[in-house]
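Residues per chain are reported as follows:
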Amino acid sequence: IVSPTSGAIVRLPVTPADRNLVEQRWTGRLDAMGTLTGSLVETRHGDEAASMRRFVSQMGTTKFGESVERRMSASVRGARVDGVEQKSAPDRFDLTLSFTAATYAQALQPALWLVQPPALGDAGPDLSSPTRRSPIRLDATLVQETIDLQLAAGLVVDELPATAALDTTFGRFTSTARTDGDHVRLERSLLLPGGVVAADRVAEVRRFFESVRAART
């Protein structure tokens, strides 16, 4: 606090990560030709909702729709957004979209496809600089993703993404996958409790987020 006569350093409270929750719920169907059709329902709470409302206000409806298109094309191979709906409330922001990805599955052999799960969202700050002198600030947030993929008749799962579990003082990430009949279900969670990490730990922070990105692609 700065004033003409006095001042003080005040530590402001940090909002708990679960108050800044981002929920992403994917549902999709993969047909016999490798085309994926599906939807994403994303709900943001707390600071995450406020940030998205500011982003929409600054960008405008048209440019926001274009940003959603870019986001999806970078996250789902060959994706085309078919519809977008957004709703805003005082403490939440809802985004619902439908999409089609005609080139989603990559053929490795005539009877073997590579299918990568969606990788929506940024995972961590930009730490590409080889040297860093300032501390790393990480905002408190919790991202929870569920992906439910239905396979067309005749398709079977040969290999699932590996289970992942990363746990550090500045972040925690888990990822699991399982099959249930003709469905594949993935669950992923990224928790950042928030705070400031010393600059001399930049390599450790970079490795963590690189591992998160690798597990989400």
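Remember, predicted model here, so these are calculated numbers, not experimental data. (Residues numbered from 1 in each chain as written. Predicted model: local features only at pLDDT ≥ 70, side-chain atom pairs only at ≥ 80, totals over all residues. Heavy atoms only, no water.)

Caption draft 1: Highlighting the overall build of the chain. In terms of helices and strands, the chain carries 2 helices and 12 strands. Traced from its N-terminal end to its C-terminal end, the chain shows the element sequence β-β-α-β-β-β-β-β-β-β-β-β-β-α. Expressed along its principal axes, the backbone C-alpha trace of the chain runs to roughly 75 × 40 × 30 Å. Taken across its 217 residues, the chain has 34% of its residues classed as buried. Of the accessible surface of the chain, which amounts to about 13,000 Å², a share of 52% is contributed by carbon and sulfur atoms. Here the chain holds 26 positive side-chain charges and 26 negative ones, and the gap between their average locations is 6 Å. (Helix = DSSP H or I, 4+ residues; strand = E, 2+ residues; numbered from the N terminus. Buried < 20%, exposed > 50% of the residue type's maximum accessible area, 1.4 Å probe, protein only. Areas by Shrake-Rupley, 256 points an atom, 1.4 Å probe, with all protein chains shown as cover. Lys, Arg positive; Asp, Glu negative; His and termini not counted. Charge placed at Lys NZ, Arg CZ, Asp CG, Glu CD.)

Caption draft 2: Quick peek at the sheet that holds strand S8 (residues 141-151). Ordered by their spatial adjacency, 8 strands build an open sheet running S3-S4-S2-S1-S8-S11-S10-S9, and the pairing between neighbours is mixed. At either margin of the open sheet sits one strand with a lone partner, and together these are strand S3 (79-89) and strand S9 (164-167). When the angles between neighbouring strand axes are averaged without regard to direction, this sheet yields 10°. Set on the sheet, helix H1 (residues 46-75) makes contact with strand S1 (21-30), strand S2 (36-45), S3, strand S4 (92-101) and S8; between it and S4 the angle comes to about 15°. Along the sheet, helix H2 (residues 202-215) contacts S9, strand S10 (172-180) and strand S11 (183-192); its crossing angle with S11, the most-contacted strand, is approximately 165°. (Pairing = 2+ DSSP bridges. Axes fitted to C-alpha atoms, helices over the stretch in contact; angles between N-to-C directions. Contact = heavy atoms within 4.5 Å.)

Caption draft 3: Spatial organisation of H2. Here H2 spans 20 Å end to end across 14 residues, near enough to the 20 Å set by a 1.5 Å rise per residue. Those residues of H2 not exposed but buried are Val202, Val205, Phe208, Phe209 and Val212. For H2, the angular spread of the buried residues around the axis is 130°, confining them to a single face. For H2, the exposed residues set more than 90 degrees away from the buried face come down to Arg207 and Ala214. Taken together, the buried residues of H2 touch strand S7 (136-138), S9, S10, S11 and strand S12 (195-197). (Expected span 1.5 Å × (residues − 1). Arc of directions from axis to C-beta.)

Caption draft 4: Examining the environment of Ser73 more closely. With respect to the helices and strands, the residue Ser73 is situated in helix H1. For Ser73, a relative accessible area of 46% corresponds to the partly exposed category. Distance from Ser73 to Ala101, taken between C-alpha atoms, is 9.0 Å for residues 28 residues apart in sequence. Here the side chain of Ser73 touches Arg70 through a polar contact of 3.0 Å, landing on its backbone oxygen. (Polar contact = N/O pair within 3.5 Å; in protein donor to acceptor, adjacent residues only side chain to side chain.)

Caption draft 5: Broad picture of the pairing of S1. Pairing of S1 with S8, which is carried by 10 bridges, proceeds in the parallel orientation. Considered in S8, the bridge of Leu21 is made with Leu142. Across 9 bridges, S1 lies against S2 in antiparallel orientation. Looking at S2, one finds that Trp26 is bridged to Leu40. The hairpin formed by S1 and S2 contains 5 residues between the paired strands, and Gly34 there has a positive phi angle of roughly 90°.

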